[in-house]
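In case you want the letters, here they are:
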Amino acid sequence: MKKIVTILLLLGAFGYSQAQAQYILGASYEVRSDEPTTGFGLHFQNNFSVIPMLLDVGIRFQTSFYNEKYSFSTESISFEREDTSYDFGLGLIATVGVGLIAPYAGVGLGYEVFDRTSTLLGVPGVGIEDPDGDDSGLYYYGAIGAGISAIPFVRPFVEYRYRGISGSDFMPSSYGTWAFGLQLRF
């Protein structure tokens, strides 16, 4: 009897597969390795079953928004800086159904826009060494992640994306992003 219960539990954990979703809408809190460091993301994905109940391939449209303000002041000097970044990307994501866990990997291309504004008050004749400006550029990315399929139609997920950006003055040439979120699957 103990062996039968053990086998049933293993089959349930590794053989369970949620009904495959054709459309996925996700939202995430994102932390990246460059300024601005925190933001929010949204993605919409359309899946196609390649091997039923095992492998799905999806086309994903995603966007992220980051905004941070920095300030420093003394009695006579005040400095403020605001960094804003948003991006749009399109990628290909392959998901493998392995029981309750659904690991995935993908690649894609996108476009990022960065804007920096700075203000220095209280020091006449001194320029700002932190230049204002905006910049934009194409980027490529690779993503790996996993979702947990314990609840039908809802999947918490964690994802890591590595980005490389082409020709930018303000943005870094590459950085990593962690995304923690929730997907609605229908």
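Residues numbered from 1 in each chain as written. Predicted model: local features only at pLDDT ≥ 70, side-chain atom pairs only at ≥ 80, totals over all residues. Heavy atoms only, no water.

### Points about the pattern of salt bridges
Here is step 1 of the chain: A complete count under the given rule lists nine salt bridges for this structure.
Here is step 2 of the chain: Close ionic contact of Glu 30 with Arg 161 constitutes a salt bridge, the shortest N to O distance being 3.0 Å. A residue pair is termed long-range when its members are at least 10 positions apart, and Glu 30 in strand β1 (residues 23-32) and Arg 161 in strand β7 (residues 154-165) qualify at 131 residues. Arg 161 shares its class with Glu 30; the two are buried.
Here is step 3 of the chain: Two residues, Arg 161 and Glu 159, come together in a salt bridge whose shortest N-O distance is 2.7 Å. Each member of the pair, Arg 161 together with Glu 159, is buried. (Salt bridge = Lys/Arg side-chain N within 4 Å of Asp/Glu carboxyl O. Helix = DSSP H or I, 4+ residues; strand = E, 2+ residues; numbered from the N terminus. Buried < 20%, exposed > 50% of the residue type's maximum accessible area, 1.4 Å probe, protein only.)

### Details of the sheet that holds β7
Here is step 1 of the chain: With respect to topology, eight strands assemble into a closed barrel ordered β1-β2-β3-β4-β5-β6-β7-β8, the strand pairing being antiparallel. Across the sheet, the axes of successive neighbouring strands diverge by a mean angle of 25°, strand direction being ignored.
Here is step 2 of the chain: Inspection of the sheet shows strand β3 (residues 55-73) paired to strand β4 (residues 78-96) by 19 bridges, in the antiparallel sense. Paired with Asn 67 across the bridge in β4 is Thr 84. (Pairing = 2+ DSSP bridges. Axes fitted to C-alpha atoms, helices over the stretch in contact; angles between N-to-C directions.)

In short, the description is geometric, and any link to function would need to be established separately.
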